[in-house]
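Given next are the chains, with one letter for each unit.
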Amino acid sequence: MTDLDKRLSLTEFAGRIESGMTVGIGGWGARRKPMALVRALLRTGVRELTVVSCGGPDVGLLAAAGRIRKLIAPFVTLDSVPLEPHFRTARETGALEFEEWDESMFLWGLTAAAHRLPFMPVRGGLGSDIPRRNPRLRTVTSPYADGEELLAAPALTMDVALVHMNRADVRGNGQSLGPDPFFDDLFTEAAERAYLSCEHVVDRFAGPPQSLLVQRQNVTGVLHTPRGAHFTSCAPDYGRDEAFQRTYVQAAGDPDSWREFEARYLAGGEDAYQRAVDSHLRKEATP
């Protein structure tokens, strides 16, 4: 690898993540999550993570493995399943500390970190119970004639950010071809280091310039991970694998079933995971 070629293996990436880090994870719910990177972390001994995420199965898998000390999130959902089952269990048992934000505060907390500001003023959250339950949140008074009281969303600074794109080049530019950019660009700008996984590594990008979401100066490493968002969606390359998600949710409800799920899908490397998924797909397709 040269200074212009930032490609890494999953093993090289995982070796750079240390226990106690604050890790931001892009995507949204069960959409375009960097799941191959999350699975790579599960194969290491990293623990005591602070995770910043619009959460989905990324949070669920890390919570199930006991890797999260603190979660900062506006929600944790599988989209077609309203509440992520492992997250619900972790909350009910007190297995992790949860700092709840609403989506507007989350957006502006990332924006503050991206711009290296201590906070951004927002109206979101005022009048709700979120400030009462989150002692980190403070209010500020406008210095202008209106004198309005606003909520101060503190900067969501992170040690590393993980995002998944449809396309990337070896320098770290990333392209999103789906209908929603989510907050992935802000994650890479707000973190000290960012790792970008992708469906395809390309020499040239095709498509409108606004689809070039992630800029190379914000990216530390590029990882080629075909179907690396599975079982979340990565539109337009593929949709969410609803059949596999049902298997995941069902397994999460029973300790013995979850151990079987882990042994089948998570015990090996990424290639083993993808082979097991292909086997599951064939089984589902069999009449």
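Residue numbering note: each chain is counted from 1, following its sequence as written. Selection of residues for local features in this predicted model requires a pLDDT of at least 70, selection of side-chain atom pairs for listing and counting requires 80 or more, and totals for whole chains, interfaces and linings are taken over all residues. Note that water and hydrogens are dropped before the side-chain values are worked out from all heavy atoms of the structure.

1. Here we look at the packing of helix α3 (residues 57-64) against helix α4 (residues 85-93)
Lines fitted to C-alpha atoms define the axes, with helix axes restricted to the stretch in contact, and inter-axis angles between N-to-C directions lie between 0 and 180 degrees. Each helix is a run of DSSP H or I of at least 4 residues and each strand a run of E of at least 2, with the numbering of both proceeding from the N terminus. Close contact between α3 and α4 brings their axes to 7 Å; oriented N to C, the two are set at 50 degrees. In terms of orientation, α3 and α4 fall into the oblique class. The hand of the α3/α4 crossing is left-handed. Of the residues in α4, those in contact with V59, G60, A63 and A64 of α3 are H86, F87 and A90. Residues were grouped as follows: Ala, Val, Leu, Ile, Met, Phe, Trp, Tyr, Cys and Pro as nonpolar; Asp, Glu, Lys and Arg as charged; and all remaining residues, including Gly, as polar. Residues that form the contact of α3 with α4 fall into these classes: five nonpolar, two polar and no charged. Should an angle fall under 35 degrees it is called roughly parallel, over 145 degrees roughly antiparallel, and 65 to 115 degrees roughly perpendicular, with every other angle called oblique. A crossing counts as left-handed when the near helix is turned anticlockwise from the far one by less than a right angle, and as right-handed when that turn is clockwise. Any two residues whose heavy atoms approach within 4.5 Å are treated as being in contact.

2. What to know about the sheet that holds strand β5 (residues 119-122)
Any two strands with at least two DSSP bridges between them are considered paired. Here we have three strands laid out as an open sheet, ordered β5-β7-β6, and antiparallel in their pairing. This sheet does not close on itself; its edge strands, each paired only once, are β5 and β6 (138-141). On average, each strand axis in the sheet is inclined to that of its neighbour by 45 degrees, with strand direction left out of account. In this sheet, strand β7 (residues 149-154) lies alongside β6 in antiparallel orientation, the contact comprising four bridges. The partner of T139 across the bridge, within β7, is L151. Those strands touched by helix α5 (residues 103-114) are β5 and β7, and its axis lies near 150 degrees from that of β5.

3. Let's talk about the pairing of strand β2 (residues 49-53)
Only protein chains enter the area calculation, which uses a 1.4 Å probe; residues under 20% of their type maximum are buried, those over 50% are exposed, and those in between are partly exposed. Of all five residues in β2, five are buried; the element is thus mostly enclosed. Here β2 shows two buried faces, one formed by L49, V51 and S53 and the other by T50 and V52. Bridge count between strand β1 (residues 22-25) and β2: four bridges; the pairing is parallel. Following the sheet pairing, V23 is matched in β2 by V51.

4. Notes on helix α2 (residues 35-42)
Counting buried positions along α2 yields eight of eight residues, so the element is predominantly enclosed. What α2 keeps buried is the set M35, A36, L37, V38, R39, A40, L41 and L42.

5. A word on empty space enclosed by the protein
Think of a 1 Å grid over the protein atoms and nothing else: a 1.4 Å probe that fits but is trapped marks a cavity, an open set flanked by protein within 12 Å on at least five of seven lines marks a pocket, and residues with an atom within 4 Å of a point count as lining. Grid points are joined across faces, edges and corners, and a volume is the space filled by probe spheres set on the points. Scanning the model with the defined rule gives one cavity of 30 Å³ or more in all. Space inside the largest cavity adds up to approximately 40 Å³. Every element with two or more residues in the lining of the largest cavity is listed here: α2, α8 (242-252) and α9 (255-266). Within the lining of the largest cavity, the residues separate by chemical class into eight nonpolar, one polar and one charged.

6. Observations concerning the layout of surface pockets
By volume, the largest pocket amounts to about 200 Å³. As for the largest pocket, its lining consists of 14 residues, of which A63, A64, H86, T89 and A90 are closest to the centre. The dominant element in the lining of the largest pocket, judged by the number of residues it contributes, is α4, at four residues. Partitioning the lining of the largest pocket into residue classes produces nine nonpolar, four polar and one charged. The space that makes up the second largest pocket amounts to roughly 160 Å³.

7. Description of the pairing of β7
Across the six residues that make up β7, a large majority, five, are buried. Bridging between β5 and β7 involves four bridges; their strand directions are antiparallel. Each bridged residue has a counterpart across the sheet, and for P121 the counterpart in β7 is A152.

8. A few points about the side chain of E99
Along the polypeptide, E99 turns up in strand β4 (residues 97-100). Separated by 2.9 Å, the side chains of E99 and W101 make a polar contact. Beyond its immediate sequence surroundings of up to four residues, E99 is in contact with K70, L71, I72, A73, N134 and R136. Here a polar contact is taken to be a pair of N or O atoms separated by no more than 3.5 Å, where protein atoms must pair a possible hydrogen donor with a possible acceptor and residues adjacent in sequence count only if both atoms sit in side chains.

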